[in-house]
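Structural description and commentary
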Amino acid sequence: MLHPIVSCAQILHKSRNFRMSEIPRKLQSYSESLRYPVYDSWLHFYEEDFRCDVYTEGLTPCLEHIKKFGGALTLDRSIGWCDNLEVQMDADKVNRHSRDIFAQNGIPYIINVRFGDEKSYPFCFRDIPKGSILFVGALGTQAQADRKAVFYSGVCTMIEALEPRALLVYGSVDKRILELCIARDIALVRYPSQKEVIR
């Protein structure tokens, strides 16, 4: 029998003001939720780009399904650090649009912050409230030194700019990010990727 694939929260650092009730205990990918829904989980969109077209082309048909779950992360459209500026800005617009749609439809959401290299910094942190709970996706960023450096730099810049009270990471966590969160007393929670869960 097949079982639904969900990622469960792993607390790496519990800050002084950390409250488990503020974060998802479980995450499930949107595509997986269509086959084996786990309704007390939150939905994420860390999926291959070809799977993303169904909701990035128009979220409206998906909303009734999304409303059945605990909440959702804002859309993840990959911002490649080597992509030209226009492509990076378009991906950022998709993410922002999903925030607006979720808010208008009463869907609890957590902002999934997407950044590339320093070219993206002037726009990718705009309109995100300081002191929020924020998500980042680490998939595809940890295997190669150059990508790891870009991701770490982006996380450092985001923390400096937005001062999140909790950082939630989908995928593996760089030891330096853990050390930074401990030093600044930012709660750090990891969710294993779908690939890790099914191994």
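Attention in this report is confined to the structure presented alongside it.

Here is what the cut-offs are and how they apply
- Residues numbered from 1 in each chain as written.
- Predicted model: local features only at pLDDT ≥ 70, side-chain atom pairs only at ≥ 80, totals over all residues.
- Heavy atoms only, no water.
- Helix = DSSP H or I, 4+ residues; strand = E, 2+ residues; numbered from the N terminus.
- Buried < 20%, exposed > 50% of the residue type's maximum accessible area, 1.4 Å probe, protein only.
- Contact = heavy atoms within 4.5 Å.
- Areas by Shrake-Rupley, 256 points an atom, 1.4 Å probe, with all protein chains shown as cover.
- Core = buried A, V, L, I, M, F, W, Y, C linked by side-chain atoms within 4.5 Å.
- Pairing = 2+ DSSP bridges.
- Axes fitted to C-alpha atoms, helices over the stretch in contact; angles between N-to-C directions.

What about the overall build of the protein chain?
When helices and strands are tallied, the protein chain shows 8 helices and 9 strands. Every one of the 199 residues in the protein chain was classed for burial, and the buried ones make up 49%. A separation threshold of at least 6 residues defines the contact pool for the protein chain, and within that pool the share at least 24 residues apart is 64%. Within the structure as shown, the protein chain displays about 10,000 Å² of accessible surface, and the carbon and sulfur contribution to it stands at 52%.

What about the nonpolar core?
Among the nonpolar cores identified, the biggest contains 23 residues, and Val113, Phe115, Phe125, Val136, Met158, Ile159 and Leu167 are the most heavily contacted of them. Where this core is concerned, the elements lending two or more residues are helix H5 (121-124), strand S7 (133-137), helix H6 (145-162), strand S8 (166-170) and helix H7 (175-184). The biggest single contributor to this core is H6, with 5 residues. Leucine 167 has contacts with Leu134, Val136, Val155, Met158, Ile159, Ile177, Cys181, Ile186, Ala187, Leu188 and Val189, leaving out every residue within four places of it along the chain. Within the second largest apolar cluster, 15 residues are counted, among which are Ile23, Leu27, Ile110 and Tyr191.

Considerations on the pairing of strand S9 (residues 187-191)
Look at any regular strand and the pattern is simple: side chains alternate between the two faces of the sheet. Judged by how many residues are buried, S9 sits mostly within the fold: 5 of 5 residues are covered. Of the two faces of S9, the one holding Ala187, Val189 and Tyr191 and the one holding Leu188 and Arg190 are both buried throughout. Note: strand S2 (residues 10-13) against S9, 3 bridges, orientation antiparallel. When the bridges of S9 are listed, isoleucine 11 appears paired with valine 189. Bridge count for S8 against S9 is 5 bridges, and the pairing is parallel. Residue pairing for S9: alanine 166 is matched across the bridge by alanine 187.

Looking at the sheet that holds strand S1 (residues 7-8)
With respect to topology, 9 strands assemble into an open sheet ordered S1-S3-S4-S5-S6-S7-S8-S9-S2, the strand pairing being mixed. Both edges of this open sheet fall to S1 and S2, since each of them pairs with a single strand only. On the sheet, helix H4 (residues 85-104) packs against strand S5 (71-73) and strand S6 (109-112) and is oriented at approximately 175 degrees with respect to S6. Contacts from H7 reach S2, S8 and S9, with the element oriented near 65 degrees to S2.

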